Amino acid sequence: MDNLKKLIRSYETWVAANPETVCDVETTTKWVSYFIAGRISDSNVVSELIYTLSNMLVLYNDRIIDKSQNKRFSTGLQPVNYDASTSAVAYKNNKKSQHVYRLKVILTTLEYCEVFIEISAKRIFGVRGKWLFVALVQFAKAAGRFFILQHTTEKIITTPALPALNRRALIKKQKDAMKNGYVMEESSAESEKSLSNGFGDSCGTFQLKRSGRVMRKIEGAPPLQYRDFKLAEEQPKKNGNQPKNYALIQAEYLYIAKPLIHLAAMGVFGEKKWNQYVLSLTLDLITIRMYHQHRHEMSKEQKVEMSKRCMNLLLYLVRSPLYERVTHSRIDRVLGFVADNVPLVKMIAGPLREYLPYWQGTYFYLWST
């Protein structure tokens, strides 16, 4: 057991010191999972297992890198929005955020594992067992998202619930910190002290116990080039703690409920019927319209997530029954033409043409959030 703990600590130290190399390894593992599909027997199970493990590895490595960066560098020049934060430091510093953080980890794990759970359930328990596990996973995800939306100041739930860490930005911030001499002396005692405060030493603020008001410490002023000279009570508004717009909240509730509505429609109308296709598309368009009507009140995070959801509408081209009846033959002809006539692109178009039926049957029949 001691050897295992030492091995884990060594791995965490290596990941924290080599985020770029770790990113390359993770990307390679994901591409391996893509190209295994259809190549060997039981390839769906093997490729999905590799893909799931690679995503779990990314999640684990992100937490290591995030925790390491927050310990070593004075990155918190602004207060942290703990309800929306994915930071491991936020998890340690605020009791309320502990539950939200753990719930987000569970939801992210479910999102990464749901396809593998479904495939495994189908092989072990049959078709009925598969749909039972699909329903349980979707209900658990919807319940978790409803809880986060209702009990925090978040206005929109990202997919996955814990987004992948922007390692390029962290690496750039690390280099800038080292260049400007903002590196903190790291010792176990100082690290524990910085994590034990109400808001952490790194952010330079603290919270009054009775009123809940956020105050800036005397020694917490950032360097001159980063100062905005705003009062501490103004900062939470900047981080998204302003009152919620209930029209946007209703739109998010509807979007969260969409997989459950779609799943029920599949049970009523059938798996590849136009009824459930049109119903799900209509729900997506309604939520996008509701957000668009209040776009002037949306935060930057909401706008970025909404742009992703708009792009995801293109996935309806490869969803049943439109895929089987309309787009399959056309996409196949286009990819075949590209693979036969374009020298360099054919290296991508050929495998994509071959694997598309596997991916369509595995990922695009059930429309999750």
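Right above here is the structure, for reference.
Residues numbered from 1 in each chain as written. Predicted model: local features only at pLDDT ≥ 70, side-chain atom pairs only at ≥ 80, totals over all residues. Heavy atoms only, no water.

1. Describing a nonpolar patch on the surface
Logical step 1: Taken together, the side chains of Met1, Leu4, Leu7, Ile8, Leu57 and Tyr60 make up a nonpolar region of the molecular surface, amounting to roughly 590 Å² of accessible area.
Logical step 2: When contributions to the nonpolar patch are tallied by element, the ones reaching two or more residues are helix 1 (2–17) and helix 3 (43–72).
Logical step 3: Considering each element in turn, the nonpolar patch owes the most residues, three residues, to helix 1.
Logical step 4: Residue classification places Met1 among the exposed positions, given a relative accessible area of 70%. (Patch = residues over 30% accessible without salt bridge, like charges linked within 9 Å, V, L, I, M, F, W, Y side chains within 5 Å. Areas by Shrake-Rupley, 256 points an atom, 1.4 Å probe, with all protein chains shown as cover. Salt bridge = Lys/Arg side-chain N within 4 Å of Asp/Glu carboxyl O. Helix = DSSP H or I, 4+ residues; strand = E, 2+ residues; numbered from the N terminus. Buried < 20%, exposed > 50% of the residue type's maximum accessible area, 1.4 Å probe, protein only.)

2. A short note on the pattern of salt bridges
Logical step 1: Tallying each qualifying case throughout the model produces eight salt bridges.
Logical step 2: Glu305 is the partner of Arg309 in a salt bridge, and the nearest nitrogen-oxygen pair spans 3.8 Å. You can see Arg309 and its partner Glu305 sitting in helix 11 (residues 300–312), four residues apart, about one turn around the helix. The residues Arg309 and Glu305 share a single accessibility class, namely buried.

3. Focus: the packing of helix 9 (residues 246–269) against helix 10 (residues 274–293)
Logical step 1: Between helix 9 and helix 10, the least distance of the axes is 9 Å, while the angle of their chain directions is 180°. One finds that helix 9 runs roughly antiparallel with respect to helix 10.
Logical step 2: Split by residue class, the contact of helix 9 with helix 10 holds 14 nonpolar, six polar and three charged. (Axes fitted to C-alpha atoms, helices over the stretch in contact; angles between N-to-C directions. Parallel < 35°, antiparallel > 145°, perpendicular 65-115°, else oblique. Nonpolar A, V, L, I, M, F, W, Y, C, P; charged D, E, K, R; others polar.)

4. Here we look at the side chain of Glu305
Logical step 1: Classification of Glu305 by relative accessible area gives buried; the value is 6%.
Logical step 2: Setting aside residues up to four positions removed in sequence, Glu305 forms contacts with Ile156, Ile157, Thr158 and Thr159. (Contact = heavy atoms within 4.5 Å.)

5. Quick word on the environment of Lys272
Logical step 1: One can find Lys272 in the loop between helix 9 and helix 10.
Logical step 2: As for Lys272 and Pro321, which are separated by 49 residues in sequence, their C-alpha atoms are 5.2 Å apart.
Logical step 3: Among residues more than four places away in sequence, those in contact with Lys272 are Ser320, Pro321, Glu324 and Arg325.

6. As for the nonpolar core
Logical step 1: Listed in full, the 10 residues of the largest apolar core are Leu103, Leu107, Ala142, Ile148, Leu149, Ile157, Ala161, Ile249, Ile256 and Leu260.
Logical step 2: Taken together, the elements giving at least two residues each to this core come down to helix 5 (95–151) and helix 9.
Logical step 3: In terms of residues, this core owes the most to one element, helix 5, which gives five residues.
Logical step 4: Setting aside anything within four residues of it in sequence, one finds Ala142 in contact with Ile256 and Leu260. (Core = buried A, V, L, I, M, F, W, Y, C linked by side-chain atoms within 4.5 Å.)

7. Some words on helix 10
Logical step 1: Taking 1.5 Å as the rise per residue, helix 10 with 20 residues should run 28 Å; its terminal C-alpha atoms sit 28 Å apart, in good agreement.
Logical step 2: Of the surrounding elements, those touching the buried residues of helix 10 are helix 9, helix 11 and helix 12 (322–341). (Expected span 1.5 Å × (residues − 1).)

8. Brief notes about the side chain of Thr108
Logical step 1: Structurally, Thr108 is set in helix 5.
Logical step 2: Taking the relative accessible area as the measure of exposure, Thr108 reaches 0% and is therefore buried.
Logical step 3: Every residue in contact with Thr108, bar those within four places of it in the chain, is listed here: Leu59, Pro160, Ala161 and Leu162.

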